[in-house]
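So you can see what is in the structure, the chains are spelled out below.
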Amino acid sequence: MIDFELEPQTAERVKMYHAVAEQMMRPISREYDEREHEKPRQFLEAMWSASALADATSEGGAKTKEGAKSDRGPRLRNLYTVVTTEELCWGDAGLFLSIPNPGLGGAAVMAAGTPEQKERFLKRFRGGKPKWGAMAITEPGCGSDSAAVTTTATRDGDHWVLNGTKIFCTSGQMAAEKSEGFVVVWATVDKSAGRAGIKPFVVEHNTPGMTVVRVENKLGIRASDTAALVFDNCRIPFDDILGSPEVRPEGGFKNVMATFDATRPIVAAMAIGVGRAALEFVAGFLKEQNVPIRYGISPRRLTALERDFMEMEVQLKAARLLTWRAAWMLDVGKRNSLEASMAKAKAGLAVTLITQKAVELLGPLGYSRRYLVEKWMRDAKINDIFEGTQQINLLIVGRRILGYGSKELN
Ligand SMILES: Cc1cc2nc3c(=O)[nH]c(=O)nc-3n(C[C@H](O)[C@H](O)[C@H](O)COP(=O)(O)OP(=O)(O)OC[C@H]3O[C@@H](n4cnc5c(N)ncnc54)[C@H](O)[C@@H]3O)c2cc1C
């Protein structure tokens, strides 16, 4: 049976998140876009105390048998995460990323950590506050090809010693410097082993040897910090490697990559939230101008504007269906790498198209900073870049469908 209805509990939460997005995020959206490196302290403090918000973070964002069976919270946790993410990103994607939560770091712990590590790194901080988390893979010489990581992790007795540079790390500053944060760092334990040697390590906030050297100025999602981190003889406990330290030629890297199966649907949902914001704005504007969208008439009689608007709607709905499917598969324990990449590629493309069309359809008003439409166009593009660019996700889709490996299709 196919059922597209949300569980009542989830539908209720979506309404609550919509209220947060509308009443707390939208009013400060422009301000924190313009004051790029300032933190929206009042908003963050309100979010700290909104304990329910933790459910929209990666606590529910990764495959977990416990999650699927748990009596606490919604049954379909990943689906829940994507629908609430859409709602908050409808409010503001940059502010969404600045909300304290384990984020991509948390998803990596969920995907590759032991039960003990999940308990240790994801348990709530003092007073039930969620922790900050970030994930650092990208380096000056390594982006799309995550197997090209050069940061090293060398065993020294009961410790690992990390050396290398990571760039473009979302929430990197908050996770590295806040007293509740951690950064999951991808490093190689054996360069000669290639991708099999790459492992994720958890580096707790303020660990000596981990330094934030830069916070980027960006095109969009400007309320979110994106940091460059240097690891200079950064010493962490041996047990803080996620998963097994053993270098196995087969399978080891696949487990690490499973992190993306959980995070790509979330990024797709972010894109859908931004796209929906733009689409709804255009719909409201056309209504105000008494410009009808005539559904159900012959395509030959549609105006160019009607065609464009309907195309925007179609793109958004298709992206949402793919995203829900990818998240649901994770919830019911199915491998979803293909679907996660499909959703991410489609949603990244859809949101760039929708927001650009929105600017176009509104004319000069779309370009003006009077409205948020130009901002949504800037916020949109990142969804086509991080967690695997569109090209890389399409490559993964091609490989999965054709049964090729990375050597045959690259
Ligand atoms: C705001 C922001 C936040 C980010 N957050 C994080 C984060 O939290 N953690 C993290 O680790 N990284 C993060 N990143 C980095 C992001 O994941 C990388 O930028 C992305 O993976 C692309 O890598 P690259 O920049 O090195 O580009 P490259 O890999 O050099 O790619 C450049 C272009 O070539 C294309 N390309 C590359 N290889 C192929 C191929 N085989 N076939 C076809 N086209 C190809 C790419 O699609 C892209 O368009 C962030 C980036 C930004 C801008």
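Structure: above.
In this text, all values refer to a predicted model and were calculated from it rather than measured experimentally.

Rules used throughout
Residues numbered from 1 in each chain as written. Predicted model: local features only at pLDDT ≥ 70, side-chain atom pairs only at ≥ 80, totals over all residues. Heavy atoms only, no water. Patch = residues over 30% accessible without salt bridge, like charges linked within 9 Å, V, L, I, M, F, W, Y side chains within 5 Å. Areas by Shrake-Rupley, 256 points an atom, 1.4 Å probe, with all protein chains shown as cover. Salt bridge = Lys/Arg side-chain N within 4 Å of Asp/Glu carboxyl O. Helix = DSSP H or I, 4+ residues; strand = E, 2+ residues; numbered from the N terminus. Buried < 20%, exposed > 50% of the residue type's maximum accessible area, 1.4 Å probe, protein only. Near = heavy atom within 4 Å. Polar contact = N/O pair within 3.5 Å; in protein donor to acceptor, adjacent residues only side chain to side chain. Nonpolar A, V, L, I, M, F, W, Y, C, P; charged D, E, K, R; others polar. Axes fitted to C-alpha atoms, helices over the stretch in contact; angles between N-to-C directions. Contact = heavy atoms within 4.5 Å. Core = buried A, V, L, I, M, F, W, Y, C linked by side-chain atoms within 4.5 Å. Arc of directions from axis to C-beta. Expected span 1.5 Å × (residues − 1). Phe/Tyr/Trp six-rings, centres within 6.5 Å; stacked < 30°, edge-to-face > 60°. Lys NZ or Arg CZ within 6 Å of the ring centre and 35° of its normal.

This part is about a nonpolar patch on the surface. Together, Ile-2, Phe-4 and Leu-321 give the surface a local cluster of nonpolar side chains, amounting to about 360 Å² of exposed area. Locating Phe-4 in the fold gives a position in the segment before helix 1 (8–34). A residue is classified by how much of its surface remains accessible, and Phe-4, at 55% relative accessible area, is exposed.

Let us look at the pattern of salt bridges. Within the structure shown, the criterion is met by 27 salt bridges. As a salt-bridge pair, Arg-335 and Asp-261 come within 3.1 Å of each other at their nearest N and O atoms. Here Arg-335 is found in the loop between helix 10 (304–331) and helix 11 (337–362), whereas its partner Asp-261 is found in helix 9 (residues 252–288), with 74 residues between them in sequence. For Arg-335, a relative accessible area of 41% corresponds to the partly exposed category.

Turning to the site of the ligand, a few remarks are in order. Around the ligand, the surrounding shell holds 20 residues, and the nearest of these are Thr-138, Ser-144, Phe-168, Thr-170 and Thr-389. At 2.6 Å from an oxygen atom of the ligand is found a side-chain nitrogen or oxygen belonging to Ser-144. Calculation on the ligand without its partners gives an accessible area of 970 Å², and the protein chains cover 65% of this total. Elements supplying a minimum of two residues to the shell around the ligand: strand 1 (132–136), strand 3 (159–170) and helix 14 (390–402). Across the shell around the ligand, the residue classes break down as 11 nonpolar, 8 polar and 1 charged.

Before going further, it helps to examine the packing of helix 4 (residues 77–91) against helix 10. Between helix 4 and helix 10, the least distance of the axes is 6 Å, while the angle of their chain directions is 150°. Packed against helix 4, whose contacting residues are Arg-77, Asn-78, Leu-79, Val-82, Val-83 and Glu-86, the element helix 10 presents Arg-320, Thr-323, Trp-324, Ala-327, Leu-330 and Asp-331 at the interface.

Before going further, it helps to spend a moment on the nonpolar core. Core analysis: the biggest nonpolar cluster contains 54 residues, and Met-25, Phe-43 and Phe-96 have the highest contact counts within it. Per element, the largest residue contribution to this core is 12 residues, and it comes from helix 9. The residues touching Met-25, leaving out its near neighbours within four places in the chain, are Val-20, Phe-43, Leu-88, Gly-91, Asp-92, Leu-95, Phe-96 and Ile-99. Within the second largest apolar cluster, 25 residues are counted, among which are Trp-160, Ala-187, Phe-231 and Ile-241.

Once that is clear, we can look at helix 2 (residues 41–49). Every α-helical turn comprises 3.6 residues, leaving residues that sit three or four positions apart pointing alike. Listed in full, the buried residues belonging to helix 2 are Phe-43, Leu-44, Met-47 and Trp-48. Considered in projection along helix 2, the buried side chains sweep an arc of 140° and stay on one side of the axis. Pointing more than 90 degrees away from the buried face of helix 2 are the exposed residues Arg-41, Gln-42, Glu-45 and Ser-49. Those residues of helix 2 that are buried lie in contact with helix 1, helix 5 (93–98) and strand 1.

The end-to-end C-alpha distance of helix 14, which contains 13 residues, comes to 18 Å, matching closely the 18 Å that a straight helix rising 1.5 Å per residue would cover. Burial in helix 14 covers these residues: Gln-390, Asn-393, Ile-396, Val-397, Gly-398 and Arg-399. Trailing helix 14 by a residue or two, Gly-403 shows a phi angle of about 75°, which is positive.

Once that is clear, we can look at the packing of aromatic side chains. All chains considered together, the criterion is met by 6 aromatic pairs. Relative to Phe-201, the ring of Trp-160 has its centre 5.2 Å away and its plane inclined at 65°; by these criteria the two rings are edge-to-face. One end of the pair, Trp-160, is in strand 3; the other, Phe-201, is in strand 5 (residues 198–204), and 41 residues separate them in sequence. An identical accessibility class is assigned to Trp-160 and Phe-201; each is buried. On the basis of an interplanar angle of 50° and a centroid distance of 6.0 Å, the ring pair of Trp-186 and Phe-260 is categorised as tilted. With Trp-186 in strand 4 (residues 181–188) and Phe-260 in helix 9, this pair connects stretches of sequence that are 74 residues apart. Considered together, Trp-186 and Phe-260 belong to a single accessibility category, that of buried residues. The structure contains a cluster of three or more aromatic residues connected by ring pairs, namely Trp-160, Phe-201 and Phe-238. Looking at Arg-26, its charged tip hangs above the ring of Trp-90, at a distance of 3.9 Å from the centre.

In this structure, Phe-168 is a non-glycine residue whose phi angle is positive, near 50°. Residue placement: Phe-168 occurs in strand 3. The partly exposed category is assigned to Phe-168, whose relative accessible area is 48%. The phi torsion at Glu-387 lies on the positive side, around 60°, for a residue other than glycine. Note on placement: Glu-387 falls in the loop between helix 13 (373–380) and helix 14. The exposure class of Glu-387 is buried, given its relative accessible area of 9%.

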